[in-house]
Amino acid sequence: MGCRKRAAKRELLRVTAGSDTSGRAAVVPDPTATAPGRGAHLHPSVACYDLAVRRKAFGRALRVSTGISAAPVGDYLASLTSTASEA
């Protein structure tokens, strides 16, 4: 979705429309790919996430017309990179 490069489904992170901790509409990560509803996939990298945010791809891919926050996905990806750098 962000960089538009093809990859195997198991290599991508699925995201869905949901709500953040305060109850507002947001794009949430679905690493197990089991959440119901429409989902979109992107590479689990900050670069791909930044491209998707800049292109406003989350709203189009998830067919959400209102402004939707992608911060939970960014937080999730940041936690992945910090965990990988600690190991």
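Up top is the structure these notes are about.
Conventions we followed
Residues numbered from 1 in each chain as written. Predicted model: local features only at pLDDT ≥ 70, side-chain atom pairs only at ≥ 80, totals over all residues. Heavy atoms only, no water. Helix = DSSP H or I, 4+ residues; strand = E, 2+ residues; numbered from the N terminus. Phe/Tyr/Trp six-rings, centres within 6.5 Å; stacked < 30°, edge-to-face > 60°. Buried < 20%, exposed > 50% of the residue type's maximum accessible area, 1.4 Å probe, protein only. Core = buried A, V, L, I, M, F, W, Y, C linked by side-chain atoms within 4.5 Å. Contact = heavy atoms within 4.5 Å. Pairing = 2+ DSSP bridges. Axes fitted to C-alpha atoms, helices over the stretch in contact; angles between N-to-C directions. Patch = residues over 30% accessible without salt bridge, like charges linked within 9 Å, V, L, I, M, F, W, Y side chains within 5 Å. Areas by Shrake-Rupley, 256 points an atom, 1.4 Å probe, with all protein chains shown as cover. Salt bridge = Lys/Arg side-chain N within 4 Å of Asp/Glu carboxyl O. Lys, Arg positive; Asp, Glu negative; His and termini not counted. Charge placed at Lys NZ, Arg CZ, Asp CG, Glu CD.

## Section: the environment of Asp75
- With respect to the helices and strands, the residue Asp75 is situated in helix α3 (residues 71-86).
- Separated by 47 residues in sequence, Asp75 and Val28 place their C-alpha atoms 9.8 Å apart.

## Points about the packing of aromatic side chains
- Applying the stated criterion across every chain yields a total of one aromatic pair.
- With a centroid separation of 6.1 Å and 45° between ring planes, the pair formed by Tyr49 and Phe58 is classed as tilted. Each member of the pair Tyr49 and Phe58 is classed as buried.

## Some thoughts on the nonpolar core
- By size, the foremost hydrophobic cluster in this structure holds 15 residues, and its most contacted members are Val15, Val27, Leu42, Tyr49, Phe58 and Val73.
- For this core, the secondary structure elements donating two or more residues are β1 (13-19), β3 (39-42), α1 (46-54), α2 (57-61) and α3.
- Apart from the residues within four sequence positions on either side, Phe58 is in contact with Met1, Val15, Val27, Leu42, Tyr49, Ala52, Val53 and Ala70.

## A closer look at the pairing of strand β2 (residues 25-30)
- Here six bridges tie β1 to β2, and the two strands are oriented antiparallel to one another. Note on β2: the bridge partner recorded for Thr16 is Val28.
- Two successive antiparallel strands, β1 and β2, enclose a turn made up of five residues, where Gly23 displays a positive phi of approximately 90°.

## Regarding the sheet that holds β3
- On the basis of which strands lie adjacent, the open sheet formed by three strands has the order β2-β1-β3 and antiparallel pairing. Of all strands in the sheet, those with a lone pairing partner are β2 and β3, marking the two edges. Taking each pair of neighbouring strands and ignoring which way they run, the sheet shows an average axis angle of 40°.
- Running over the sheet, α3 touches β1 and β2 and is turned about 30° from β2.

## Quick notes on unusual backbone geometry
- With a phi angle near 55°, Lys56 is a residue other than glycine that sits in the positive phi range.
- Summarising the element assignment, Lys56 is placed in the loop between α1 and α2.
- Take Lys56: its relative accessible area is 66%, and that puts it in the exposed class.
- In this structure, Arg63 takes a positive phi of about 55° despite not being glycine.
- Using a relative accessible area of 66% as the deciding quantity, one classes Arg63 as exposed.

## A look at a positive patch on the surface
- On the surface, Arg4, Arg54, Arg55 and Arg60 cluster together into a patch of positive charge.
- Structurally, Arg54 can be placed in helix α1.

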